[in-house]
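Summary of structural features
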Amino acid sequence: TQTYRIASIPGDGIGPEVVAEARTVLDAVLASEGARADYADYDLGARRWHATGETLPDSVLEELRGVDAILLGAVGDPSVPSGVLERGLLLRLRFELDHYVNLRPSKLFAGATTPLAGSPQIDFVVVREGTEGPYVGNGGAIRVGTPHEVANEVSVNTAYGVERVVRDAFARAQRRERKHLTLVHKNNVLVHAGHLWARTVAAVAPEFPDVTTDYLHVDAATIFLVTKPERFDVIVTDNLFGDILTDLAAAVTGGIGLAASGNVNPDRTTPSMFEPVHGSAPDIAGTGVADPTAAILSTALLLDHLGLSAAAARVEAAVEADLAARGPAPRSTREVGEAVLARLQG
Ligand code: NAD
Ligand code: IPM
Ligand code: MN
């Protein structure tokens, strides 16, 4: 039996609730492929921080480097100062493991409800840069708490970092039917970074002559995501714009409970990490109503990354069938997990 070593980091809030369902589905699909997952469980998150002050110990990070993939739930808790776990755990993982492609597909499945008029064909993927931009912590504040406070977060964009993610986005566009790439930035204002991104797209484009490209300022991109989402195929954008656009993209394709993501190192020098786009949802944590679909679809991205594309397609098909059959009655996290499992096995 082929065994995959999977690190499981359920994290905070609804993280453990949705990861439990995702693991059940992952186990079932692997079993039917004659394979299995061997989990390494990590209790990282709010409880660990309160107990020991640790967010991501170096020893854990070194262990994680040895696994085949990481499955993460969500991090962040109201009892922990905002940013401690988000930066110290989640972003540290993305940065240390060089997850420069934050892959966030958006597809409007039949049966999913969109707030948009009509039933637009929505099927695009956001390739969000994952290791640079305003996220790197290049900043600081002086005179904190005074009327003269100055607080800076300086976005870092390197030619190396932009080029590798842009090239990956082109390659993904080339593998898709429509072969269209949209760069989203704000180069009418953020002229330094924005022009680097635009020049990079122009420079890489000749390597992918069958891929068409266009450009949108991020504010206009939010308009089109709502009024004409079918115009998008692959979007490449920086870390912060990608974060914001993908919550909006989730909202128009069935909701945040369905949106999956992969933090990918395409060079495979480190394990990639798969997680829902959503957070720990403290407002519903513990009530058993979180939708585990995003976490389940994240395992499809994980399977795909491990080369198990047939298994990935089966998970996606099971989710699609479940969505198509969903009635108006609310279902619990467990019920959704069990329904997807039944579709998978049925
Ligand atoms: P959130 O995504 O946790 O929640 C936003 C809204 O969506 C809430 O009303 C929540 O109930 C709802 N929601 C989220 N996931 C859902 C699901 N699976 N099913 C049904 N409803 C769902 O975002 P937030 O409230 O801005 O952040 C809460 C905490 O999570 C913060 O600490 C934040 O830093 C953290 N966060 C972590 C991640 C991550 O781990 N990748 C992502 C986003 C936010
Ligand atoms: C996400 C989250 C994270 C991000 C936070 C929690 C650091 O919002 O995964 O979308 O901004 O990337
Ligand atoms: Mn986000």
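The name given to the protein chain in an unreviewed UniProt entry is 3-isopropylmalate dehydrogenase, and the organism recorded there is Motilibacter peucedani. Under the UniProt heading Subunit (unreviewed entry), the entry covering the protein chain gives this text: "Homodimer." For the record of the protein chain, the UniProt heading Function (unreviewed entry) holds the text "Catalyzes the oxidation of 3-carboxy-2-hydroxy-4-methylpentanoate (3-isopropylmalate) to 3-carboxy-4-methyl-2-oxopentanoate. The product decarboxylates to 4-methyl-2 oxopentanoate."

The domains assigned to the protein chain are domain 1 (1–101 + 259–346) and domain 2 (114–253). The C-alpha-based centres of domain 1 and domain 2 are spaced at 24 Å. Facing twelve residues of domain 1, the contacting portion of domain 2 comprises 13 residues. Counting residues per element, the side of domain 1 that touches domain 2 draws most heavily on helix α4 (residues 84–96), which supplies four residues. Along the lines of polarity and charge, the residues of the side of domain 1 that touches domain 2 split into seven nonpolar, two polar and three charged.

Mapped onto this structure's residue numbering, the UniProt feature "binding site: substrate" (unreviewed entry) falls at Arg94, Arg104, Arg128 and Asp219. In sequence the annotated residues extend across 126 residues, and in space they extend as well, their farthest C-alpha pair lying 26.3 Å apart. When you line up the elements, Arg94 lands in helix α4. Exposure remark for Arg94: the 19 C-beta atoms within 10 Å place this residue in the partly exposed category. Contact partners of Arg94, with chain neighbours within four places excluded, come to His99, Gly130, Thr131 and Asn263. Relative to the assigned elements, Arg128 resides in strand β5 (residues 123–129). In this view, Arg128 contacts Asn102, Arg104, Thr237, Asn239, Gly242, Asp243 and Thr246; residues no more than four positions away in its chain are not counted.

Parameters at a glance
The residue numbering used here restarts from 1 in each chain and proceeds along that chain's sequence as written. Written order determines the labels here, with chains lettered from A and ligands numbered from 1. Confidence filtering applies because this is a predicted model: local features only for residues at pLDDT of at least 70, side-chain atom pairs given and counted only at 80 or more, and all residues used for totals across whole chains, interfaces and linings. UniProt positions are given in the numbering used here, feature names are shortened, and annotations may be inferred rather than shown by experiment. Start and end positions for the domains come from either an automated domain assignment or a database one. By definition, residues are in contact whenever their C-beta atoms, placed on the basis of the backbone, come within 7 Å of each other. Secondary structure counts use DSSP, requiring at least four H or I residues in a row for a helix and at least two E residues in a row for a strand, with both numbered from the N terminus. In the scheme used here, Gly and all other residues not listed as nonpolar or charged are polar, with Ala, Val, Leu, Ile, Met, Phe, Trp, Tyr, Cys and Pro taken as nonpolar and Asp, Glu, Lys and Arg as charged. Put simply, a residue is buried when 20 or more other C-beta atoms lie within 10 Å of its own C-beta and exposed when 12 or fewer do; between those, it is partly exposed, and each C-beta is set from the backbone.

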